[in-house]
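Chain and residue survey
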Number of protein chains: 4
Amino acid sequence: MTTSGDGAATSLKVLTICGSLRRESYNRKLMRAAIELAPPGFQITESIRIDELPYLNEDVAHAGLPAPVQRINEQVRAADAVVFVTPEYNYGVPGVLKNVLDWITTPHPPHNALRFKPVGLMGASIGNFGTVRCQLALRQTFLFIESYVMPKPEIYLFRAQDKFDTQGRLTDEPARELLKAYWPALRKFAGMIATTPHGEGVHA
Amino acid sequence: MTTSGDGAATSLKVLTICGSLRRESYNRKLMRAAIELAPPGFQITESIRIDELPYLNEDVAHAGLPAPVQRINEQVRAADAVVFVTPEYNYGVPGVLKNVLDWITTPHPPHNALRFKPVGLMGASIGNFGTVRCQLALRQTFLFIESYVMPKPEIYLFRAQDKFDTQGRLTDEPARELLKAYWPALRKFAGMIATTPHGEGVHA
Amino acid sequence: MTTSGDGAATSLKVLTICGSLRRESYNRKLMRAAIELAPPGFQITESIRIDELPYLNEDVAHAGLPAPVQRINEQVRAADAVVFVTPEYNYGVPGVLKNVLDWITTPHPPHNALRFKPVGLMGASIGNFGTVRCQLALRQTFLFIESYVMPKPEIYLFRAQDKFDTQGRLTDEPARELLKAYWPALRKFAGMIATTPHGEGVHA
Amino acid sequence: MTTSGDGAATSLKVLTICGSLRRESYNRKLMRAAIELAPPGFQITESIRIDELPYLNEDVAHAGLPAPVQRINEQVRAADAVVFVTPEYNYGVPGVLKNVLDWITTPHPPHNALRFKPVGLMGASIGNFGTVRCQLALRQTFLFIESYVMPKPEIYLFRAQDKFDTQGRLTDEPARELLKAYWPALRKFAGMIATTPHGEGVHA
């Protein structure tokens, strides 16, 4: 667990989920940089590794949710907001990350854990476009899930190989400023979502 | 102007914009049916015809916004929420409707009139899929515009030719029920959006 | 292995890959129905189960491709065309299937096995839209992969639960006719792709 | 009309259509640069201005196609391939360009003029992403139209303002090289498409 800020009662509890399994993933580095740059008042937790979940198979699901699926569902439920930091694979969402989302909507619980949850997206790439196509595909998926995805700021860290030093520290100043500004925006967005009783009525 | 309900101070003011120019458009019929089925407390206005706007040309825009563009911008600003009811053309947004959105973001005003505005989507088709691809493309566009598009209920009236009588009245009971439920959902969604001061801070 | 037709030298060799892991998957039933309805002259093979592949992790990949990844790469290379039959999960591609595509483009071989390969798409759903959103997301992914995806006919088997009998036989006549027509279209499409030397020059 | 090469019988006839109406449009400059850089053997024509077409209204269409619609249909039919060079507006296709595509599929002729036609895409932007989202939306539309869109090379001229001199000449060397390579790729792609009798059978 990584904690930023004082952990007071008013802290915003944020779960981060990284879509890459690589040790030296630029997306993991981006996630860590974002956490480091959070101002006080955020309690940020990294999710379990997403490859602990098996592949979704609804036949298996009917016999009960596997323990890692239960665990990540609990992590999501405990969070006020969830931030996904993920590479783009083949102009789309990494299969291993999509599988997490597929489990989360597998309908054992009456409502999926991400339903009505404020969600943020970030991505880093070696190429020029910073995962823009992946994020569009993810937004399409979160529409089904009924998460509220924060519209802006959009975080696309392109040519990531030029933006970290050898210790993995984000050295790009504009990116650092953008990440600092991300958290207050997420707090306001999450606050907006939270002020309304959903549960049954917002959506037919 | 079409008004539903009592027009009291607490009425939700909704602007509807139809993406079809046809006289006997199923989307216009769907829009009219939706308006008719609104419960009290909604003040619903149809926009000007969208073919009154010229094609967006930024050279023209620099000399000042054409009168119909100004007019629809005012209609959008005066509304608490905007509902688009549109056919799908070629798996995408009708050009004539996209042109409206292109004008709305042409940056004469400091902020575009749809920014932070609650938006709803509906569509009718003769085919089986009820404009689902158009609505995905529109959501991608509203992400740029920074409108808040209501996630659910999604309204896809497929095989529309079977669902209206010869007077153009919507006869499909499930569709009528869904439309009745749409308005309270929109009110809650719009209320959620409105409870937070945006303007500068939600988005970086 | 399932073989249709006479297996003559001129047979079109097709690999089918099912995106669902369920035993009683409608997509598996659709795949089997399609195979059954193939006219002579097609040699159709089902791929290995896609959950035999581990999750893509490029750190692992650098040490060598796991055996099931090598196996499915070989199956793809041996085929003249590949047909994906897959459910839609959360308006997107099932994670377990996307993971296969993520492995296929992991750049151990000089060119990925699906590059320039003719590809077909089919999908079945319980709902009304027959995986249309998943197929759009897949086409976006195949653009990166540089597969040639057959534009038409598009196969969307919606309300699949009404279209099979208790033995899993496809009973819907229009769907059976469409599947019969699919194979000659695929042969022509694959023939068109094959008549040109690609490899280096078609794409920059 | 702009002609490159010798206009011999074996020239590839290409129609270019620009999605911007601005005089100093970067997309027009990109289109002109591409035409200039074409090797011998290409006969390249610019389409009529797309704002000559009225908005698509099927009621109007039933009375006969307006003259500019007929004209652009003829231009498309006379071409071996069509290249669209277009800005991205609001993460989507400019309305004025989409309207052209909407007319082209309006079913007066038995088959639309773009059906089975080889199509290329290019785009320039001031921002970082070079119209990538517009091109994805266009590919979705061309799937309906049944054009064959060349997969690669993809042309995204980002930060276009840094890549032309004051005379509007493209000065970016990598971009110039990419454009030079574009034409032989288009020729091969168009040749591949043309070698097969379509018309009725490739698509069901």
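Everything quoted here is computed from the prediction, not taken from an experiment.

Relative to the helices and strands, Arg133 of chain B resides in helix α5 (residues 132-145). Excluding residues within four positions of it along the chain, Arg133 of chain B makes contact with Glu88 and Tyr91 of chain B, Val132, Leu136, Glu154 and Tyr156 of chain C together with Gln140 of chain D.

The next subject is the interface of chain D and chain B. Taken together, the contacts link 33 residues of chain D with 33 residues of chain B. Taking both sides of the interface into account, the surface hidden between chain D and chain B amounts to around 2800 Å²; carbon and sulfur atoms contribute 50%. Along the contact surface separating chain D from chain B lie 4 salt bridges. Put simply, Glu58 of chain D and Arg22 of chain B hold a salt bridge, and the shortest N to O gap is 3.6 Å. The tally of links between chain D and chain B comes to 29 residue pairs in polar contact (both at pLDDT 80 or more). Its residues assigned to classes, the side of chain D that touches chain B shows 15 nonpolar, 9 polar and 9 charged.

Relative to chain B, chain D is turned by 180° and slid 0.0 Å along the rotation axis, the superposed coordinates differing by an RMSD of 0.0 Å. When the rotation and shift are considered jointly, the pair of chain copies conforms to a two-fold rotation axis. Judged by C-alpha distance, Gly95 of chain D is the residue of chain D that lies nearest the rotation axis, at 2.0 Å. When the interface residues of chain D are mapped onto chain B, 100% of them are again interface residues, pointing to one common binding face.

Next up on the list: the pairing of strand β3 (residues 81-85) of chain A. Residues and elements named next belong to chain A. Among the 5 residues in β3, 5 count as buried, and that is most of the element. Both faces of β3 are covered, namely the face carrying Ala81, Val83 and Val85 and the face carrying Val82 and Phe84. Where strand β1 (residues 12-18) meets β3, 5 bridges bridge the pair, whose relative direction is parallel. Note that in β3 the partner of Cys18 across the bridge is Val85. As judged from the 4 bridges shared by β3 and strand β4 (residues 118-124), these two strands associate in the parallel manner. Counted as the bridge partner of Val85 is Met122 from β4.

Okay, unusual backbone geometry next. Residue and element names in this part refer to chain A. In this structure, the amide linkage connecting Lys152 to the following residue, Pro153, adopts the cis form with an omega of -5°. Considering the arrangement of structural elements, one finds Pro153 in the loop between β5 (148-149) and β6 (155-157). The phi dihedral of Phe116 is positive, around 65°, even though this residue is not glycine. Mapped onto the elements, Phe116 comes out in the loop between α4 (95-104) and β4. According to the relative accessible area criterion, Phe116 is buried, its value standing at 11%.

Residues and elements named next belong to chain A. Burial within strand β2 (residues 42-46) is extensive, with 4 of its 5 residues counted as buried. Looking at chain direction, β1 and β2 are connected through 5 bridges and run parallel. Looking across to β2, one finds that Lys13 is bridged to Gln43. The handedness of the β1 to β2 crossover, carried by helix α1 (residues 26-36), is right-handed.

Here we come to the side chain of Thr105 of chain B. Position of Thr105 of chain B relative to the elements: it lies in the loop between α4 (95-104) and β4 (118-124). For Thr105 of chain B, a relative accessible area of 19% puts it in the buried group. Among the polar contacts made by the side chain of Thr105 of chain B, one reaches the main-chain carbonyl oxygen of Asp102 of chain B at a distance of 3.2 Å. In this structure the side chain of Thr105 of chain B is engaged in a polar contact, spanning 2.9 Å, whose partner is the side chain of Asn90 of chain D. Residue contacts for Thr105 of chain B: discarding those within four places in its chain leaves Asn112 and Ile145 of chain B together with Asn90 of chain D.

Turning to the environment of Phe129 of chain B, a few remarks are in order. Looking at the secondary structure, you find Phe129 of chain B in the loop between β4 and α5. On a C-alpha basis, the gap between Phe129 of chain B and Arg139 of chain B in space is 17 Å, while along the polypeptide they are 10 residues apart.

This next bit is on the state of the cysteines. Residues and elements named next belong to chain A. A full pass over the atoms with the stated rule returns 0 disulfides over all chains. With no disulfide of its own, Cys134 has Cys18 as its nearest cysteine by sulfur position, at a separation of 11 Å. What makes Cys134 buried here is its relative accessible area of 0%.

Further remarks concern the pattern of salt bridges. All names here are of chain A. One pass over the full model with this rule turns up 48 salt bridges over all chains. Arg133 is the partner of Glu88 in a salt bridge, and the nearest nitrogen-oxygen pair spans 3.5 Å. Taken together, the positions of Glu88 in the loop between β3 and α4 and Arg133 in helix α5 (residues 132-145) put the pair 45 residues apart, joining distant regions of the chain. Taking the relative accessible area as the measure of exposure, Arg133 reaches 6% and is therefore buried. With a shortest N-O distance of 2.6 Å, Asp102 and Lys98 are connected by a salt bridge. Of this pair, Asp102 and Lys98 are both found in helix α4, 4 residues apart, which corresponds to roughly one turn of the helix.

Residues and elements named next belong to chain B. Taking 1.5 Å as the rise per residue, helix α3 (residues 67-78) with 12 residues should run 16 Å; its terminal C-alpha atoms sit 16 Å apart, in good agreement. Regarding α3, the residues found buried are Pro68, Val69, Ile72, Asn73, Gln75 and Val76. Angular distribution of buried residues about the axis of α3 spans 160°; they occupy a single face of the element. Here the buried face of α3 lies against β1 (12-18), β2 (42-46), β3 (81-85) and α4.

All right, on to α5 of chain B then. Residue and element names in this part refer to chain B. Helix length check: α5, at 14 residues, gives a terminal C-alpha distance of 20 Å against a target of 20 Å (1.5 Å per residue), a fit within 8%. Of all 14 residues in α5, 13 are buried; the element is thus mostly enclosed. Positive phi appears at Glu146, one or two residues downstream of α5, with a value of about 70°.

This part takes up the confidence of the model for chain A. All names here are of chain A. When pLDDT is averaged along chain A, the result is 90, and 90% of the positions lie at 70 or above. Overall, residues 1-8 carries pLDDT values under 50, and its contacts beyond four positions in sequence, including any with other chains, amount to 20 contacts. Of the two predicted TM-score estimates for the complex, the pTM is 0.92 and the ipTM is 0.91.

What counts and how
- Residues numbered from 1 in each chain as written.
- Chains lettered and ligands numbered in written order.
- Predicted model: local features only at pLDDT ≥ 70, side-chain atom pairs only at ≥ 80, totals over all residues.
- Heavy atoms only, no water.
- Helix = DSSP H or I, 4+ residues; strand = E, 2+ residues; numbered from the N terminus.
- Contact = heavy atoms within 4.5 Å.
- Buried area = accessible area lost by both parts, 1.4 Å probe.
- Salt bridge = Lys/Arg side-chain N within 4 Å of Asp/Glu carboxyl O.
- Polar contact = N/O pair within 3.5 Å; in protein donor to acceptor, adjacent residues only side chain to side chain.
- Nonpolar A, V, L, I, M, F, W, Y, C, P; charged D, E, K, R; others polar.
- Least-squares fit on C-alpha atoms with pLDDT ≥ 70 in both.
- Buried < 20%, exposed > 50% of the residue type's maximum accessible area, 1.4 Å probe, protein only.
- Pairing = 2+ DSSP bridges.
- Right-handed = clockwise from strand over helix to strand, strands pointing away.
- Disulfide = S-S within 2.5 Å.
- Expected span 1.5 Å × (residues − 1).
- Arc of directions from axis to C-beta.
- pLDDT = per-residue confidence, 0-100.

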